[in-house]
Amino acid sequence: SLTPPPFGPLPGLNANTTGDVDTKSWSVFGDLTFDLEEIFGLSGVELAVGGRYTSDKRSSTVLRQTYVGGNSPALGGTSSVVIATTSDFEGEKTFTDFSPRVSLSWSPNPDHNFYASYSQGFKGGSFDPRGQSSSVTVDFDGDGDVDGDDIFEFFLFEPEEVDSYEIGWKSRLADG
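Throughout what follows, the structure given in this document is the object of discussion. Just so you know, these numbers come straight off a predicted model, no measurement behind them.

Some details on the overall build of the protein
Link 1 in the chain: Per the secondary structure count, the protein includes two helices and seven strands.
Link 2 in the chain: When the helices and strands of the protein are read in sequence order from the N terminus, they spell out β-α-β-β-β-β-α-β-β.
Link 3 in the chain: Here the protein holds 176 residues, and the buried ones make up 23% of them.
Link 4 in the chain: In the protein, 68% of the contacts between residues at least 6 apart in sequence involve partners at least 24 apart.
Link 5 in the chain: Of the roughly 11,700 Å² of accessible surface on the protein, 55% is carried by carbon and sulfur atoms.

Next up, the structure:
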């Protein structure tokens, strides 16, 4: 068996990871403001509602290989030999979301505006382009083996959503 030297890896042994994530995204959004004075007789009150629908399609490739005999070809090596491929992944997934927004404001006079709002934000998921799947992937689906579905789940990270609430008062306290 080979034992690594006490001060570092074996000479000429290195690993190279190449990862790429491509995104194709589109969205549509709208925003409407209603003057509630005209509708209900509420002086200075406005209601704004809106939303955004987003679709992010992510595709990814990850290749991680260990070389012996010099640098990897990605680093200009010509005499190196692949001794292990620890990740060879290709995956694709589309993430979609509708993010709403609503705001209610009241202006008792031109110098003051009180408001409250709620909105939601979204960031699509993706794949980790640095992962090493062969030695760390687990049986995510519980079917008794580590297969392509488990490797897909290992590289995948889910989208993020945030709920934002805001209340405030805008005012002009002095002429300037």
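Observations concerning the environment of Arg52
Link 1 in the chain: Its location among the elements puts Arg52 in strand S2 (residues 45-68).
Link 2 in the chain: Excluding residues that lie within four positions of it along the chain, Arg52 makes contacts with Ser27, Val28, Phe29, Asp97, Phe98 and Ser99.
Link 3 in the chain: Among the polar contacts listed, one links the side chain of Arg52 to the side chain of Thr54, at a separation of 3.3 Å.

Examining the packing of aromatic side chains
Link 1 in the chain: Applying the stated criterion across every chain yields a total of nine aromatic pairs.
Link 2 in the chain: A centroid spacing of 6.3 Å and a plane angle of 45° characterise the contact between Phe89 and Phe152, whose relative ring orientation is tilted. Of this pair, Phe89 sits in strand S3 (residues 81-109) while Phe152 sits in helix H2 (residues 148-155), and the two are 63 residues apart along the sequence.
Link 3 in the chain: Between Phe114 and Trp169, the ring centres sit 5.9 Å apart and the planes meet at 5°, which makes this aromatic pair stacked. With Phe114 in strand S4 (residues 112-123) and Trp169 in strand S7 (residues 160-171), this residue pair connects regions lying 55 residues apart in the sequence.
Link 4 in the chain: Residue classification places Trp169 among the partly exposed residues on the basis of a relative accessible area of 48%.
Link 5 in the chain: Through a chain of ring-to-ring contacts, three or more aromatic side chains come together here, namely Phe89, Phe127, Phe152, Phe154 and Phe155.
Link 6 in the chain: When the ring centre of Tyr115 is taken as origin, the NZ or CZ atom of Lys170, which lies over that ring, is 5.3 Å away.

So, a nonpolar patch on the surface
Link 1 in the chain: A cluster of nonpolar residues, Leu32, Phe34, Ile39, Phe40, Leu42, Val49 and Val102, forms a patch on the protein surface that exposes about 620 Å² of accessible area.
Link 2 in the chain: The set of elements that each furnish at least two residues to the nonpolar patch consists of strand S1 (13-35) and helix H1 (36-40).
Link 3 in the chain: Note that Ile39 resides in helix H1.

Observations regarding the side chain of Ser126
Link 1 in the chain: By the element assignment, Ser126 lies in strand S5 (residues 126-127).
Link 2 in the chain: Accessibility expressed as a relative area gives 8% for Ser126, which makes it buried.
Link 3 in the chain: The contact partners of Ser126, leaving out residues within four places of it in the chain, are Val21, Arg58, Phe95, Phe155, Leu156 and Phe157.

What to know about the sheet that holds S3
Link 1 in the chain: Strand order in the open sheet formed by five strands is S1-S2-S3-S4-S7, with antiparallel pairing between adjacent strands. Each of the sheet's edge strands pairs with one partner strand only, and the pair in question is S1 and S7. Sheet twist, expressed as the mean angle between neighbouring strand axes with direction ignored, is 15°.
Link 2 in the chain: Both S3 and S4 contribute to a ladder of seven bridges, which runs antiparallel. Opposite Asn109, over in S4, you have His112 as the bridge partner.
Link 3 in the chain: In the packing of H2 onto the sheet, the strands contacted are S2 and S3, and the crossing angle to S3 comes to about 50°.

Topic: the pattern of salt bridges
Link 1 in the chain: For the structure on display, the rule yields four salt bridges.
Link 2 in the chain: Notably, a salt bridge pairs Asp56 with Arg58, separated by 3.8 Å at the nearest N-O pair. An identical accessibility class is assigned to Asp56 and Arg58; each is buried.
Link 3 in the chain: Salt-bridge contacts for Lys57 lead to Glu92; the nearest nitrogen and oxygen are separated by 3.7 Å.

Calculation notes
Residues numbered from 1 in each chain as written. Predicted model: local features only at pLDDT ≥ 70, side-chain atom pairs only at ≥ 80, totals over all residues. Heavy atoms only, no water. Helix = DSSP H or I, 4+ residues; strand = E, 2+ residues; numbered from the N terminus. Buried < 20%, exposed > 50% of the residue type's maximum accessible area, 1.4 Å probe, protein only. Contact = heavy atoms within 4.5 Å. Areas by Shrake-Rupley, 256 points an atom, 1.4 Å probe, with all protein chains shown as cover. Polar contact = N/O pair within 3.5 Å; in protein donor to acceptor, adjacent residues only side chain to side chain. Phe/Tyr/Trp six-rings, centres within 6.5 Å; stacked < 30°, edge-to-face > 60°. Lys NZ or Arg CZ within 6 Å of the ring centre and 35° of its normal. Patch = residues over 30% accessible without salt bridge, like charges linked within 9 Å, V, L, I, M, F, W, Y side chains within 5 Å. Salt bridge = Lys/Arg side-chain N within 4 Å of Asp/Glu carboxyl O. Pairing = 2+ DSSP bridges. Axes fitted to C-alpha atoms, helices over the stretch in contact; angles between N-to-C directions.

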